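Listed below are the residues making up each chain.
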Amino acid sequence: MVLYYRDDAVQVTSEAIRAGGHVVRLADVGYVWHARGATTLAVRGRVLGRGVLVLLLSLPPLVALVCVLSLAWAAQDRGNWKLALLVLGAFVAVGLVLIPFLELPLGWLDRSYERGSRVHELWVQHHGQEVLLLRTPDALRFGQIYRAVQRAIEQQGELRP
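Residues numbered from 1 in each chain as written. Predicted model: local features only at pLDDT ≥ 70, side-chain atom pairs only at ≥ 80, totals over all residues. Heavy atoms only, no water.

A. Spotlight on the overall build of the chain. When helices and strands are counted, the chain shows four helices and seven strands. Whereas a compact globule of 161 residues would reach a radius of gyration of roughly 15 Å, the chain reaches 26 Å, over 25% beyond that. The principal-axis extents of the C-alpha atoms in the chain amount to approximately 85 × 30 × 25 Å. For the chain, buried positions account for 28% of its 161 residues. (Helix = DSSP H or I, 4+ residues; strand = E, 2+ residues; numbered from the N terminus. Rg over C-alpha atoms; globule rule 2.2 N^0.38 Å. Buried < 20%, exposed > 50% of the residue type's maximum accessible area, 1.4 Å probe, protein only.)

Structure (structure tokens):
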């Protein structure tokens, strides 16, 4: 028996798929497909959180740009370039100091894209009936499981006479 995938709720082996309270022997599977499920509140919250995070990451540079442009405009009118260059240098120094702190919110943004923005469903045709084996909003996990099922089915097909 070859193990293709295993976590707390799903196990895909060369003999069977165990998921969602179902145990489906690979020999009894006629067809496997995936579908997009209804969006859940958690998925909508993830997409909204992603949008808020992008907005929060985008606003400080835009505000800084507006401040620098208005400072340059005011310095041109008054001819006080020393103060303008001093403030501009302070903006650049603060920006450079804050760059390492962007690691945390950018990591959150990466993980939100890995988890996806829709619900995925794994269906099989088992003894002529369509059976929903898995429904998850985690795109990365779903992709791993679906690929494991594909490999198991391909391997099963090579073993059949």
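B. Representation of the sheet that holds strand β7 (residues 129-136) in the model. On the basis of which strands lie adjacent, the open sheet formed by three strands has the order β5-β6-β7 and antiparallel pairing. Strands with a single pairing partner mark the edges of an open sheet, and in this sheet they are β5 (29-37) and β7. Looking at each pair of strands side by side, their axes are set apart by 25° on average, direction ignored. Two elements, β5 and strand β6 (residues 119-126), share eight bridges in a ladder whose sense is antiparallel. (Pairing = 2+ DSSP bridges. Axes fitted to C-alpha atoms, helices over the stretch in contact; angles between N-to-C directions.)

C. Local environment of the pairing of strand β1 (residues 3-6). In this sheet, strand β2 (residues 10-13) lies alongside β1 in antiparallel orientation, the contact comprising three bridges. Looking at the pairing, L3 lines up with T13 of β2. The antiparallel hairpin formed by β1 and β2 contains three residues in its connecting segment.

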